[in-house]
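Take a look at the letters that make up each chain.
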Amino acid sequence: MTANRRTTGTGAAIWRDLQLITPAVGLVVYAMVWLIPALMLAWRIAGGTLGWDLFEHAAAVRELATHPFQPGNPILLVDLPHTLFSPYSLLAAAIVRLSGADPFDVLSIAGFVNAVILAAGFRAFVRIFTKSDLALILSAAFALFLWGSAPLHLGVDPWVWSGFLNLDSLSYGLPYPSAVAMGLAFFALSLLATFLQRGGRLRLAAAVVIQALVVVLHPYSALFIVIGLAALIVAYGSRLEVRRSVAAVAAIATGTVVCFAWPYFSIVQLLTGQVGAFDWEQRAMYSAVVLRIFPALVGLPFLALRFRADRRDPLAWLFGGLSAVYVVGVLTAHYTLGRELPYVMICLDIALAIGFAGILSRAPDPEPRQGRLASLPVRGIVAACLLPVVLLGSAAVVEVLTTGETHADVEGLARLTSQYDVVLADHASYPAVPTWGGKLVAWYGALGFIPDIVERRSQAAAFFDPSETLDERLALLRQYGVRWVLYGRNGPTFSAAFEASIPQWGKPYATSPDGAFVLVSVGP
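## Some details on the overall build of the protein chain
Here's step 1: Check the secondary structure of the protein chain and you find 23 helices and seven strands.
Here's step 2: Of the contacts formed within the protein chain by residues at least 6 apart in sequence, a portion of 72% connects residues at least 24 apart.
Here's step 3: As presented, the protein chain carries roughly 22,500 Å² of accessible surface, and 64% of it is formed by carbon and sulfur atoms.

Following this line, the structure appears as structure tokens:
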């Protein structure tokens, strides 16, 4: 039987020319791969371990739901903008305002919708480089599971950040706008690739809208679109179709300029004057990199072979462009550029998946009467190559199922405070406060548009220092109009001496059921 002939009489789907004979089977298997992070999100929701940056996102939605046209800062009691006042947050706020639902719950459920958008966008993006169903499925599996460190117990975890496709990141990050932005960015490059080859004004118009949205939602993904377009122009641009290349560049430029009119915060200021507010936190993008990504580095030889075969290969050029930006980030100390690393990884994953599928495609088909996927040697190759992925994937699932901290205790105490009360919280308890309670004196993570944020962090940390005097504590409480103090007894800043000082400036108001967190009332 030849590799191009359909089999009859058996229900088995076999690989032919890098594709499944039954496309529906390939689609189902692909969907099952993406079902895994959705199930991990469901696990975190059910277990109450969803949190991290979602607290900040939910606080932004809460503030927009309360004051949709003139919101204050969702974290601090100041009249300054916030970078999470995005179209995504505005849509969630409208749902909250109309339904009365909890912003945190609305975003949690939105994560499942985001998973569909991300999976569909990833599929469209991979189709730029291959029509193989097998390569598509493997690309998704590699993107989720080909990570080092935590599953291999090498002493450092993969990045658990928005914009990363490792399973742990997605279990937290699917509700974030970055998940939508990544899916839209993938769609944008798919549209642009098709436009450069076939034209079509609607494709170009859609790319303009997507770019405008993505710049506001997740600027790192917008930069990915720009770099991706450059790679596509190298691959598909020609002197005969130079107008299409110019039109594509103009479309992305237009989308970028249009978003400058966003009324909730200044995009120009965010991309220029506020970059430094985030750089210090993004240095993590350059920490223990090899330990975290080395399984995907197997894709490097496949990328090299692609470039050798075609010096205009779009995947190779995209990888090169993204890698160059990543290196520039560390050389110039603009560490926010390190957030292009997830897309570098995706290029490696796709190249490896296409190469692996190519090896399989050269194997002979089984005899019809055998009804098996392939001959014994090929099955051995499949098992040998997929076993590490299965093991890494299994370890990643276990990692999600066995990690995470619940937020119920802090949530319960935060709800005892009003939305515009000022709360001084320590490092162990602060993230959930603006989600369900009052505004903070200080936010210990990166926060844009707050000129005195460093001073606030220093003052807040000093308050919990046992060496702080009573006068210094009272001065800080008066300066910010603090109504409540929240601290954790298991946190890094806790001391018995600090707790003993509480009767001098406040009164214990409530304690979490396990005694780990204490809410103190300040003043009358």
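## A word on the sheet that holds strand β5 (residues 484-488)
Here's step 1: Taken in spatial order, the five strands of this open sheet run β4-β3-β5-β7-β6, and their pairing is mixed. Because the sheet does not close on itself, it has two edges, and the strands there are β4 (439-440) and β6 (506-511).
Here's step 2: Sheet analysis places β5 next to strand β7 (residues 517-522), joined by five bridges and oriented antiparallel. Bridge assignment links V485 to a residue of β7, and that residue is V520.

## Quick look at the packing of aromatic side chains
Here's step 1: A full pass over the atoms with the stated rule returns 30 aromatic pairs.
Here's step 2: Ring centres 4.5 Å apart and planes at 20 degrees place the aromatic pair Y286 and Y326 in the stacked group. Within this pair, whereas Y286 is found in the loop between α12 (276-282) and α13 (289-293), its partner Y326 is found in helix α15 (residues 314-332), the two being separated by 40 residues in sequence. Accessibility assignment for this pair places Y286 and Y326 in one class, buried.
Here's step 3: Each ring, one from F463 and one from W505, has its centre 5.1 Å from the other, and the planes form 70 degrees; the classification is edge-to-face. One end of the pair, F463, is in helix α20 (residues 453-463); the other, W505, is in helix α23 (residues 502-505), and 42 residues separate them in sequence.
Here's step 4: Aromatic rings pair up to connect W34, F122, F125, F129, F186, F224 and Y343 into one cluster.
Here's step 5: Here the guanidinium or amino end of R292 rests over the ring plane of W159, the centre of that ring lying 4.6 Å away.
Here's step 6: Here the basic side chain of R473 rests over the ring of F463, its NZ or CZ set 5.7 Å away from the ring centre.

## Points about unusual backbone geometry
Here's step 1: Positive phi, normally seen in glycine, also occurs at W52, with a value near 55 degrees.
Here's step 2: By secondary structure assignment, the location of W52 is in the loop between α1 (23-47) and α2 (54-66).
Here's step 3: Looking at W52, the relative accessible area reads 48%, which means it is partly exposed.
Here's step 4: Residue A333 is not a glycine yet carries a positive backbone phi of 65 degrees.
Here's step 5: Mapped onto the elements, A333 comes out in the loop between α15 and α16 (341-361).
Here's step 6: Overall, the relative accessible area of 38% leaves A333 in the partly exposed class.

## Considering the pairing of β5
Here's step 1: Most of β5 is tucked away: five of the five residues are buried.
Here's step 2: Burial along β5 is two-sided: W484, L486 and G488 and V485 and Y487, pointing in opposite directions, are all buried.
Here's step 3: Both strand β3 (residues 422-425) and β5 contribute to a ladder of three bridges, which runs parallel. Across the sheet, the residue bridging to A425 is L486, located in β5.

The rules behind these values
- Residues numbered from 1 in each chain as written.
- Predicted model: local features only at pLDDT ≥ 70, side-chain atom pairs only at ≥ 80, totals over all residues.
- Heavy atoms only, no water.
- Helix = DSSP H or I, 4+ residues; strand = E, 2+ residues; numbered from the N terminus.
- Contact = heavy atoms within 4.5 Å.
- Areas by Shrake-Rupley, 256 points an atom, 1.4 Å probe, with all protein chains shown as cover.
- Pairing = 2+ DSSP bridges.
- Phe/Tyr/Trp six-rings, centres within 6.5 Å; stacked < 30°, edge-to-face > 60°.
- Buried < 20%, exposed > 50% of the residue type's maximum accessible area, 1.4 Å probe, protein only.
- Lys NZ or Arg CZ within 6 Å of the ring centre and 35° of its normal.

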